[in-house]
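Remarks on the overall topology
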Amino acid sequence: GKALAVTGSASGIGAATVDYLRAHGAYVIGLDIRPSDNADEHIAIDLSSRKSIDEAVARLPEKIDGLANVAGLAPTVPAAQVIRVNLVGTMALTNALLPRLTYGSGIVNLSSIAAFHWQQSIDQIKEALDLSFGKIDAFVEKHRIDDQPGRSYFLTKEALLAWCIRQRRTWVDRGIRMNCVSPAAVSTPLLDAFAGVMGERTKKDSDIVERSGAPADIAPVIAFLLSGASAWIRGANIPADGGVAAHYLAQEN
Ligand code: NAI
């Protein structure tokens with residue numbers, strides 16, 4: 001089977017993705033700051049730390065057949081930490097693993113319905129994509145990201161979509177593709193934390209659908225984008241949201 005790496009493997013969507021991939025014959029390496037025993041192998045990683053990322057990468061196999069970037073933080077922590085984990089650490093891990101990805105590998109990032117409205121300025125998104133760990137605090141201060149609740153989260157999820165679009169053909173000759181999956185509300189600890197700071201927004205999205213999503217609704221979509229069945233899908237975003245994105249599109253047109 002394929003060797004696949006999944007971040008955020010200890011909880012929610014990441015844990016469900018590990019289960020799904022293993023049930024379909026993959027060897028799964030879980031990467032999370034929290035311990036977990038659901039994967040074939042667990043490697044501790046703190047995505048907010050360059051050093052920890054490098055240490056984890058050193059422990060990963062020489063060849064990997066795909067990477068799912070599922071780990072993420074709700075905006076209940078300072079903006080700088082949200083940006084470290086959801087964006088800069090995720091990009092750093094991906095870049096460090098790129099040389100090890102085999103032909104046909106998929107890279108999948110978890111964006112969100114939170115990115116649907118593209119609320120941040122394109123210049124800020126571009127600046128965010130160029131951030132390194134050392135520049136995050138100054139970026140947060142300069143744009144006052146912490147002044148609006150939830151803004152750090154929206155920014156990181158929009159930036160992941162933009163990153164995906166930017167990389168649409170970067171690794172064509174290596175057969176590597178990057179895509180995004182965008183869920184709406186999925187019942188996990190992150191959703192509870194998110195609803196605590198963004199209650200109205202969460203309720204608005206949730207009222208559109210007949211039920212909230214379950215992690216098992218998202219895992220097969222991630223697995224599809226890691227598989228050869230999605231070979232001609234590049235730089236794309238697949239909503240897995242019970243129709244929430246379509247609802248907003250219908251309203252806007
Ligand atoms: P969760 O809270 O259940 O799991 C997130 C995982 O990330 C946890 O296992 C946590 O330990 C890990 N993590 C946190 N900080 C870390 C760090 N510094 N280093 C390494 N790992 C770290 O969350 P959930 O809901 O499963 O979210 C997974 C992804 O899906 C996130 O990127 C989230 O933004 C995205 N998403 C979730 C939605 C939801 O409603 N639950 C909706 C849209 C997107």
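Here, every reference points to the structure presented above.
Let me begin by describing the structure that accompanies this report. (Residues numbered from 1 in each chain as written. Predicted model: local features only at pLDDT ≥ 70, side-chain atom pairs only at ≥ 80, totals over all residues. Heavy atoms only, no water.)

Details of unusual backbone geometry
We note that Trp118 has phi near 40°; this positive angle belongs to a residue other than glycine. Within the secondary structure, Trp118 is located in the loop between strand S5 (101–110) and helix H4 (122–129). (Helix = DSSP H or I, 4+ residues; strand = E, 2+ residues; numbered from the N terminus.)

Some thoughts on the packing of helix H3 (residues 79–97) against helix H6 (residues 151–166)
Closest axis-to-axis distance for the H3/H6 pair is 8 Å, and the angle between their directions is 20°. Classified by the angle their axes make, H3 and H6 are roughly parallel. For the crossing formed where H3 meets H6, the hand is right-handed. Across the interface between the two elements, Ala79, Val82, Ile83, Asn86, Leu87, Thr90, Met91 and Thr94 of H3 pack against Ser152, Tyr153, Leu155, Thr156, Lys157, Ala159, Leu160 and Trp163 of H6. Residue composition of the contact of H3 with H6, grouped by class: 10 nonpolar, 5 polar and 1 charged. (Axes fitted to C-alpha atoms, helices over the stretch in contact; angles between N-to-C directions. Parallel < 35°, antiparallel > 145°, perpendicular 65-115°, else oblique. Left-handed = near helix turned anticlockwise from the far one by under 90°. Contact = heavy atoms within 4.5 Å. Nonpolar A, V, L, I, M, F, W, Y, C, P; charged D, E, K, R; others polar.)

Examining the sheet that holds strand S4 (residues 64–69)
Ordered by their spatial adjacency, 7 strands build an open sheet running S3-S2-S1-S4-S5-S6-S7, and the pairing between neighbours is parallel. If you trace the sheet from one side to the other, it starts and ends with strand S3 (41–44) and strand S7 (237–240), each paired once. The average angle at which neighbouring strand axes cross in this sheet is 20°, direction not considered. When strand S6 (residues 177–183) meets S7, the two strands line up parallel, connected through 4 bridges. (Pairing = 2+ DSSP bridges.)

Side note on the pairing of strand S1 (residues 3–7)
Here S1 lies mainly inside the structure; 5 of its 5 residues are buried. With burial as the criterion, each face of S1 is covered, one bearing Ala3, Ala5 and Thr7 and the other bearing Leu4 and Val6. Note: S1 against strand S2 (residues 27–32), 5 bridges, orientation parallel. Residue pairing across strands places Ala3 opposite Tyr27, the latter belonging to S2. (Buried < 20%, exposed > 50% of the residue type's maximum accessible area, 1.4 Å probe, protein only.)

Regarding the site of the ligand
In the vicinity of the ligand, 30 residues are found, and the nearest of them are Ser11, Ile13, Asp32, Tyr153 and Thr188. Taking Gly12, its main chain carries an N or O atom lying 3.5 Å from an oxygen atom of the ligand. Between the ligand and Ile33, the relevant distance is 3.4 Å, taken from a nitrogen atom to a main-chain nitrogen or oxygen of the residue. Surface burial for the ligand is 95%, taken as the share of its 830 Å² of free accessible area covered by protein chains. If you list the elements that add at least two residues to the shell around the ligand, you get helix H1 (12–23), H6 and helix H7 (189–197). No other element matches the 3 residues that H7 contributes to the shell around the ligand. Here the shell around the ligand is composed, by residue class, of 18 nonpolar, 8 polar and 4 charged. (Near = heavy atom within 4 Å. Polar contact = N/O pair within 3.5 Å; in protein donor to acceptor, adjacent residues only side chain to side chain. Areas by Shrake-Rupley, 256 points an atom, 1.4 Å probe, with all protein chains shown as cover.)

Describing the environment of Gly12
Mapped onto the fold, Gly12 is located in helix H1. Separated by 177 residues in the primary sequence, Gly12 and Pro189 place their C-alpha atoms 7.1 Å from one another. Those residues in contact with Gly12 that sit more than four places away from it in its chain are Thr188 and Pro215.

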